[in-house]
Amino acid sequence: MAQQTPPAIKFDKVSRHFGDVKAVDEADLEIRDGEFFSMLGPSGSGKTTCLRMIAGFDRPTAGQIFLYGQDVSNLPPYDRDVNTVFQDYALFPHMSVSENIAYGLMVKKVARPERMKKVDEMLELVQLSGFGGRKPSQLSGGQRQRVALARALINHPKVLLLDEPLGALDLKLRQQMQVELKAIQKRVGITFIFVTHDQEEALTMSDRIALFNQGKIEQIGTPAEIYEHPKSAFVAGFVGTSNLVRGEVARRITGMDVTFSIRPEKIHLGNIKEKAPTDSYSSDGTIRDVVYLGLYTRYHVELDGGGDLVVVEQNLKSTSMDVLKNKGQRTRLHWNKEHISKMGA
Amino acid sequence: MLNKISTYLYLRPKLVLWLTLGPPLTYMIIVYLGSLFNLLINSFYYLEQFTGLIVREFTLGTYARTFEPANLEIFTRTTLMAIAVTVMDAIIAFPLAYYIARFTPPKLKTWLIIAVTLPLWSSYLVRVYAWKLILAKEGILSWFINLLGLQGALDWLLGIPAIGGSSLALSPLGMFIVFAYIWLPYMIIPIQTALERVPHSLVEASSDLGAKPLQTFRTVILPLAFPGVVAGSIFTFSLTLGDFIIPLSLGNSKFFIGQAVYSYQGTAGDIPLAAAMTMGPVVIMIIYLLIARKMGAFDAL
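Residues numbered from 1 in each chain as written. Chains lettered and ligands numbered in written order. Predicted model: local features only at pLDDT ≥ 70, side-chain atom pairs only at ≥ 80, totals over all residues.

Caption draft 1: Expanded view of helix H4 (residues 141-153) of chain A. Residues and elements named next belong to chain A. Between the first and last C-alpha of H4 there are 18 Å, a value that for 13 residues agrees with the 18 Å anticipated at 1.5 Å per step. Among the residues making up H4, those that are buried are Arg144, Gln145, Arg146, Val147, Ala148, Leu149, Ala150, Arg151, Ala152 and Leu153. Looking at the buried side of H4, the elements it contacts are strand S6 (82-85), helix H2 (97-107), helix H3 (112-125), strand S7 (159-163) and helix H5 (171-188). (Helix = DSSP H or I, 4+ residues; strand = E, 2+ residues; numbered from the N terminus. Expected span 1.5 Å × (residues − 1). Buried ≥ 20, exposed ≤ 12 C-beta atoms within 10 Å, placed from the backbone. Contact = placed C-beta atoms within 7 Å.)

Have a look at this one:
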């Protein structure tokens, strides 16, 4: 077998403690070469601290970080072949767009003609040709974002770090930038590490996702794995919405002592008079609340004998009038046994 | 009643503006600009040499007198001193301000800023006289220099005609030391404020892109803090230009602008010449600000 390329980034039991606070606690992680990797989690979960440790702005209190096999744990940022797109873009306000983008080459003393050539290439890559002479203050949020990207990519780093770069953009622009970022990543072939608290963004863009919670990595996997087979209640709750069923209710439905999660869209609102299909779990209940959301409708169903479940159904044929009538109706919920994810506690 | 007034004012934002802006504006126009204007008018009168009376007739003759070699020398001397003091203060202030802005926890920062401004709480005169004692021939500084065995070096310095004198307390060199000390807080605070406003992410971005700390300082921190240096230098420069206490108490027979103005309007009773001399610093400051603008000092404001 041919020798494998080492992982782009490897965390070996990396911890970062601030006094008593364990921002990152013994994280193990491997990010593959050329991957679009997302670090997802709520604020304060340690994802940004991990990113800052990869960039070199912060150093681990314990453990080691490897960049393509080289231990970089204690290298200063300027000695690492890694570049960052900052959350606030961090463009230099006293320099023009071109000067900002050329900065990485300038400090490395690349000759001016070559610098300008590369800047033009980058401006084209991020579709900002002709904007080189402007100051960052004369650009819109989306344009600044592109400049920050071009500035980070011009050094052709081994790994590009993106710290919630789309957070400040409005929804439309964000969705457009998601597609563009992904396309740019394919073109340049650099490993992207993307920090976000937006689970939809992570699901849309990533090859793999690491889900952070309270300084620990809860689960690493492809978007599909994370969504369909959450390993813990936290993952099930954070990525998409999920019904978490435990204790007495879970025992009544499955006949086993388990805790499981079931996605709202996997549950069918069955007719109370019809039998649930075989190889499915079912439970009877009353529809207590109906929320019409345009694309789909969300139902809150109170189960007979305690517990409740959220169900969503797409409004393929129904109108708001149709669905709102369902309030107070009896229903037999059922779902395929394969669609539940069993978890520990 | 109070409610009615509130509503009345709320609906008339322009009236509120005039009510709040009016008094200070009136003060500015009458007291501040008015006295400057008065000064300007007086500078176009002249003193009749024989009678010693002021003749209230328009003339440029008084201005011509400011260009006499003796007066030009005063302008040059004062401007050079102001430049030297400004440069010295910038050099001392920057590292201090940098340390306060970048490396101190908030609590310590408050204390350091208090420490920097603490001298301003005591009278300026007291501080000048304190320095006079420190710099005196029998003062503590001489004693200390003697202790280090550097008496020869001090004597050599004081022997240089342009800056020396009979002792540190009576020499341009001593004045320079006292000026630099007295105006230092006015340089530290603006620089510290400017540095405070440089987002830390810019420093991180610079080092992320491969810049060594010194490069980051030169290409990012210094240009962004430069308006602060200019703001501080406006203080140190103009305050040095106009001061007359320090030259009076530490200087020798070679006059500075403030001192000249003081003596022209006092002993000589030549108000027009004093007024014309006062216009000197104004012109010099305008030139200074134009140069600062040309250097891009106000671009980042």
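Once the structure has been displayed, the description carries forward.
Caption draft 2: Region of interest: H2(A). Most of H2(A) is tucked away: nine of the eleven residues are buried. Turning to H2(A), its buried residues number three or more, namely Val97(A), Ser98(A), Asn100(A), Ile101(A), Ala102(A), Tyr103(A), Gly104(A), Leu105(A) and Val107(A). Close packing links the buried residues of H2(A) with H3 and H4 of chain A together with helix H11 (213-242) of chain B.

Caption draft 3: Summary view of the environment of Ala27(A). Residue and element names in this part refer to chain A. Looking at the secondary structure, you find Ala27 in strand S2 (residues 21-31). By the C-beta count within 10 Å, which is 24 here, Ala27 ends up buried. Once you skip the residues sitting within four places of it in the chain, Ala27 turns out to touch Phe11, Val14, Cys50, Lys216 and Ile217.

Caption draft 4: Inspection of unusual backbone geometry at higher detail. One non-glycine residue, Lys109(A), adopts positive backbone phi at about 60 degrees. Mapped onto the secondary structure, Lys109(A) falls in the loop between H2 and H3.

Caption draft 5: View of the packing of helix H4 (residues 69-103) of chain B against helix H9 (residues 172-196) of chain B. Residues and elements named next belong to chain B. Relative orientation of the contacting elements H4 and H9 amounts to 45 degrees, with a least axis distance of 6 Å. Classified by the angle between their axes, H4 and H9 sit oblique to one another. The chirality of how H4 crosses H9 is right-handed. Here the contact of H4 with H9 is built from residues that sort into 23 nonpolar, one polar and three charged. (Axes fitted to C-alpha atoms, helices over the stretch in contact; angles between N-to-C directions. Parallel < 35°, antiparallel > 145°, perpendicular 65-115°, else oblique. Left-handed = near helix turned anticlockwise from the far one by under 90°. Nonpolar A, V, L, I, M, F, W, Y, C, P; charged D, E, K, R; others polar.)

Caption draft 6: Looking closely at the sheet that holds S2(A). Across the sheet, four strands lie side by side as S2-S1-S4-S5 (chain A); this open sheet has antiparallel pairing. Two strands lie at the open edges of the sheet, namely S2 and strand S5 (70-71) of chain A, each paired on one side alone. (Pairing = 2+ DSSP bridges.)

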